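# Structure at a glance
Here is what each chain is made of, one letter per residue.
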Number of protein chains: 2
Amino acid sequence: MAIETPLRCKQCSLYFESDNFCAQLSPIELVNLNRESRSAKLKRGDSFSDESLAQWPVVAVESGVLSLQHIMQDGRKTIAALFMRGDIIDLRSISDRKRGNLIALGKARVCRLSPSIFEKVVKANPDAHQVIWDNLREQTFRAIEHSVDLAKKQALEKLASFIFECRHHEGANDKSSSIVSIPIRRLDLAEYIGMQPETVSRCFRELESKGIIELETLTTIVIKNIPALRRIANGDRSVEENVKLENPDMKIISFA
Amino acid sequence: MAIETPLRCKQCSLYFESDNFCAQLSPIELVNLNRESRSAKLKRGDSFSDESLAQWPVVAVESGVLSLQHIMQDGRKTIAALFMRGDIIDLRSISDRKRGNLIALGKARVCRLSPSIFEKVVKANPDAHQVIWDNLREQTFRAIEHSVDLAKKQALEKLASFIFECRHHEGANDKSSSIVSIPIRRLDLAEYIGMQPETVSRCFRELESKGIIELETLTTIVIKNIPALRRIANGDRSVEENVKLENPDMKIISFA
DNA sequence: CGGCAAGTTGAGCCAGGTCAACTCCGGTGG
DNA sequence: CCACCGGAGTTGACCTGGCTCAACTTGCCG
């Protein structure tokens, strides 16, 4: 009798989307990996205990958003990284101090993988190897890209950058879509891009008042002027001046 | 006749330090990898052309400091990441926009590896695989850690953090050493931690005036009070208040 | 030993943080 | 179904840390 793909995997989106890790695996590999793994449903605020991470330091994100949070002595909190569907979070041999806390920012589904079986599968299966290798490099450059945003950009630019980050994540397939959903709360967003929630709110308003975006709901925005938003995100300060120059048309007329 | 390790590799520190990639390889693997690779000496400001990176997207750092720089439309420059001895920079399949420019911050030696041979060796040699996997994860978490510094810390805290980052890099062996050398210019340091060079200078002075560090030369500092510096780096604001409380001793006596 | 880039110092200003008051929304129980 | 409640988000007023600009000093390299 042929070996059957485990039911749990058959229902998991990581198995269906061909560019994800589990989709590369054979039924026998899935059975082995599945036997030693634990999937879990998380709700907002759920975090992984140190013991859990010691035993299952490899976490595959099936849906939802996870975050890596650092808390400073005086209570300032930072969201250092976001993880979404398809990310494989490998926390092996990362010292506790550097690691931070892995916390769900909303309802999420994850699969905690046994490191030894995971390792075995990766070594044996070149396609799977390729996928997680690409994913890890993607995570690295996402973090580096994020550092760029944080280092020198100002508030409006950071927010614009973040909107594109969201857009890239969800609608990688539909490049022309101008509807973007923000998958996290304002509070978390602020902590991720290193600003105050008040400032985030003000910046959304400013983009809206300039006619560049429209706030459909708290979690859904429509980009009305993609190139302008792109220029802001890239730190082209002339955008803001252009708007200033375009608006006073009436005044110029009044001089005539 | 036994296969000889290539002379170039015999002279390379990556081959001698047992925790580095090349040290895991057999002579035959080294010969193969070496044949298709190009080593290079760099001086400050040297950068890799896009064509060079297309052909050799994998760069091993033998000595010196490389940086990944992003330049915004209006000229603001950010150093998004630093790479030092032992780092393997893998830029394969990273889009140009995200990648930034790879630029040396001082004299440096690198080895540009053929991606195909590199891939082959990695797949065949589990020890080598382990080393570069660990290195890539290390890079990821270094970038995440750096994001934490940039997001919410203030100037003094970022500088303190950076000093520990330097200390960690060089003297990983000697934990009690209080002498730290800063391997990059003030200007580059400022761009890395997202501040102005003027502010960097002022923060160095402030740490010095508090007796926490001493500036030996521009590139060498001595930490006089490691715990205090650590607390500042971790964002414990009570440190600064403590100093304020300790200093006015004389005033208290004058009240007696 | 001159020339230039890097680093430092000072003065003034502004983007964004802080604090407080308010509104909005989703969940809960009567 | 509605009243209530608490947390999230928003708005306004104020304030300050760090950016900016300019002048100066230092250190490096020919």
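Quantities reported herein were computed from a predicted structural model and do not represent experimental measurements. (Residues numbered from 1 in each chain as written. Chains lettered and ligands numbered in written order. Predicted model: local features only at pLDDT ≥ 70, side-chain atom pairs only at ≥ 80, totals over all residues. Heavy atoms only, no water.)

### Comments concerning the overall build of chain A
Our working definition: Note on conventions: DSSP H or I runs of at least 4 residues are helices, E runs of at least 2 residues are strands, and numbering of each starts at the N terminus. Relative accessible area decides the class of each residue, using a 1.4 Å probe on protein chains only: under 20% of the type maximum gives buried, over 50% gives exposed, and in between gives partly exposed. It only takes one pair of heavy atoms within 4.5 Å for two residues to be counted as in contact. Note on areas: these come from Shrake-Rupley sampling with a 1.4 Å probe, and a residue is covered only by the protein chains present in the view.
Within chain A, the secondary structure is distributed over 13 helices and ten strands. Counting the 256 residues in chain A, one finds 53% classified as buried. Within chain A, contacts between residues separated by at least 24 positions form 67% of all contacts whose residues are at least 6 apart in sequence. Approximately 12,300 Å² of chain A is accessible, and the part contributed by carbon and sulfur atoms is 53%.

### Quick word on the domain arrangement of chain A
How large an interface is tends to be reported as the accessible area lost when its parts come together. Residues and elements named next belong to chain A. The test is simple: Where a domain begins and ends is set by an automatic assignment or by a domain database. By definition, the buried area sums, over both parts, the 1.4 Å-probe accessible area that each loses when the two are put together. The rule for a salt bridge is simple: a side-chain nitrogen of Lys or Arg has to be within 4 Å of a carboxyl oxygen of Asp or Glu. Within 3.5 Å is the distance limit for a polar contact, defined as a pair of N or O atoms, with the added protein rule that one can donate a hydrogen and the other accept it, and that residues adjacent in sequence qualify only through two side-chain atoms. In this count, Pro and Cys sit with the nonpolar residues alongside Ala, Val, Leu, Ile, Met, Phe, Trp and Tyr, while Asp, Glu, Lys and Arg are called charged and the others, Gly among them, polar.
Here chain A is partitioned into domain 1 (7-149) and domain 2 (153-255). Taken together, the contact between domain 1 and domain 2 spans 14 residues of the former and 13 residues of the latter. Carbon and sulfur atoms make up 59% of the surface buried where domain 1 meets domain 2, a total of about 1,300 Å² over both sides. Run the count over domain 1 and domain 2 and you get two salt bridges. Lysine 153 is paired through a salt bridge with aspartate 149; the nearest N and O atoms lie 2.8 Å apart. Inspection of the domain 1/domain 2 interface yields four residue pairs in polar contact (both at pLDDT 80 or more). Of all elements in the fold, only β4 (77-83) and α7 (126-152) reach the threshold of two or more residues within the side of domain 1 that touches domain 2. With six residues, the top contributor of residues to the side of domain 1 that touches domain 2 is β4. Looking at the side of domain 1 that touches domain 2 residue by residue, the classes come out as eight nonpolar, two polar and four charged.

### As for the pattern of salt bridges
Residue and element names in this part refer to chain A. Tallied over the full model, the rule gives 38 salt bridges over all chains. Here lysine 224 ties to glutamate 214 by a salt bridge, and the two come within 3.4 Å at their closest N and O atoms. In this pair, lysine 224 is assigned in the loop between β10 (220-223) and α11 (226-233) and glutamate 214 in strand β9 (residues 213-215), connecting sequence segments ten residues apart. A relative accessible area of 49% places lysine 224 in the partly exposed class.

### Quick look at the packing of helix α8 (residues 155-170) of chain A against helix α10 (residues 197-209) of chain A
All names here are of chain A. In plain terms, the rule: Note on definitions: angles span 0 to 180 degrees between N-to-C directions of axes, and those axes are lines fitted to C-alpha atoms, for helices only across the stretch in contact. Roughly parallel means an angle under 35 degrees; roughly antiparallel means over 145; roughly perpendicular covers 65 to 115; every other angle is labelled oblique.
At a minimum axis distance of 10 Å, the contact between α8 and α10 shows a crossing angle of 80°. Judged on the interaxial angle alone, α10 and α8 are roughly perpendicular. Judged by residue contacts, Ala155, Leu156, Leu159 and Ile163 of α8 engage Thr199, Val200, Cys203, Phe204, Glu206 and Leu207 from α10. For the contact of α8 with α10, a count of residues per class yields eight nonpolar, one polar and one charged.

### Describing the interface of chain A and chain B
Listed per partner, the contact involves 53 residues of chain A and 53 residues of chain B. When chain A packs against chain B, close to 5,000 Å² is buried across both sides, 59% of that on carbon and sulfur atoms. Of all residues in chain A, Trp133, Phe141 and Lys152 of chain A give up the largest surface area on contact with chain B, accounting jointly for 15% of the area buried on that side. On inspection of chain A and its partner chain B, the count reaches four salt bridges.

### Some words on the protein's contact with DNA strand D
For clarity, the cut-off: Only heavy atoms are used to decide nearness, and a residue is near a molecule or strand if one of them lies within 4 Å of it.
Taken together, 17 residues sit near DNA strand D, with Arg185 and Arg205 of chain A together with Gln154, Ala155 and Thr199 of chain B positioned nearest. Here, DNA strand D places atoms within 4 Å of the protein, and 75% of those atoms are sugar or phosphate. Between DNA strand D and serine 201 of chain A, the relevant distance is 3.2 Å, taken from a sugar or linking oxygen to a side-chain nitrogen or oxygen of the residue. Put simply, the parts of the chain that give the surface near DNA strand D at least two residues each are α9 (186-192) and α10 of chain A together with α10 (197-209) of chain B. Residue contributions to the surface near DNA strand D peak at four residues, all from α10 of chain A. Here the residues of the surface near DNA strand D are counted per class, giving four nonpolar, five polar and eight charged.

### Some details on the sheet that holds strand β1 (residues 38-42) of chain A
Residue and element names in this part refer to chain A. Spelled out, the test is: Should DSSP find at least two bridges between two strands, the strands are regarded as paired.
Taken in spatial order, the four strands line up as β1-β7-β2-β5 in an open sheet, and their pairing is antiparallel. The sheet terminates laterally at β1 and β5 (88-90), the two strands that pair on one side only. For this sheet, the mean inter-axis angle between neighbouring strands, taken without regard to orientation, is 25°. Across three bridges, the pairing between strand β2 (residues 58-63) and β5 is antiparallel.

### Topic: the protein's contact with DNA strand C
DNA strand C sits among 17 residues. The nearest are Gln154, Ala155 and Thr199 of chain A together with Arg185 and Arg205 of chain B. Sugar and phosphate atoms form 71% of the subset of DNA strand C atoms that lie within 4 Å of the protein. Between DNA strand C and the protein, one listed contact pairs a phosphate oxygen with a side-chain N or O atom of glutamine 196 of chain A at 3.2 Å. The contact in question runs from a phosphate oxygen of DNA strand C to an N or O atom on the side chain of arginine 185 of chain B, over 2.4 Å. Elements with a contribution of two residues or more to the surface near DNA strand C: α10 of chain A together with α9 (186-192) and α10 of chain B.

### A word on α8 of chain A
One turn of the α-helix equals 3.6 residues, which is why residues spaced by three or four share an orientation. Residue and element names in this part refer to chain A. Just so we agree on the cut-off: A helix is expected to reach a length of 1.5 Å times the quantity of its residues less one.
Along its 16 residues, α8 runs 23 Å from first to last C-alpha, staying within 8% of the 22 Å computed at 1.5 Å per residue. Burial analysis of α8 places twelve of its 16 residues in the buried class, the great majority of the element. Listing the buried residues of α8 in full gives Leu156, Glu157, Lys158, Leu159, Ala160, Ser161, Phe162, Ile163, Phe164, Glu165, Cys166 and Arg167.

### Quick notes on the relation of the copies chain A and chain B
Both copies of the chain are tied together by a single rotation about an axis and a shift running along it. Spelled out, the test is: Superposition of the copies was done by least squares, using only C-alpha atoms of residues whose pLDDT is at least 70 in both.
Between chain A and chain B, the superposition needs a rotation of 180° and an axial shift of 0.0 Å, giving an RMSD of 0.0 Å. Such values leave the two copies arranged in the relation of a two-fold axis. Every residue of chain A has its C-alpha some distance from the rotation axis, and the shortest such distance is that of threonine 140 of chain A, at 2.2 Å. When you check the interface residues of chain A against chain B, 100% turn up at the interface there too, and the contact is symmetric in its surfaces.

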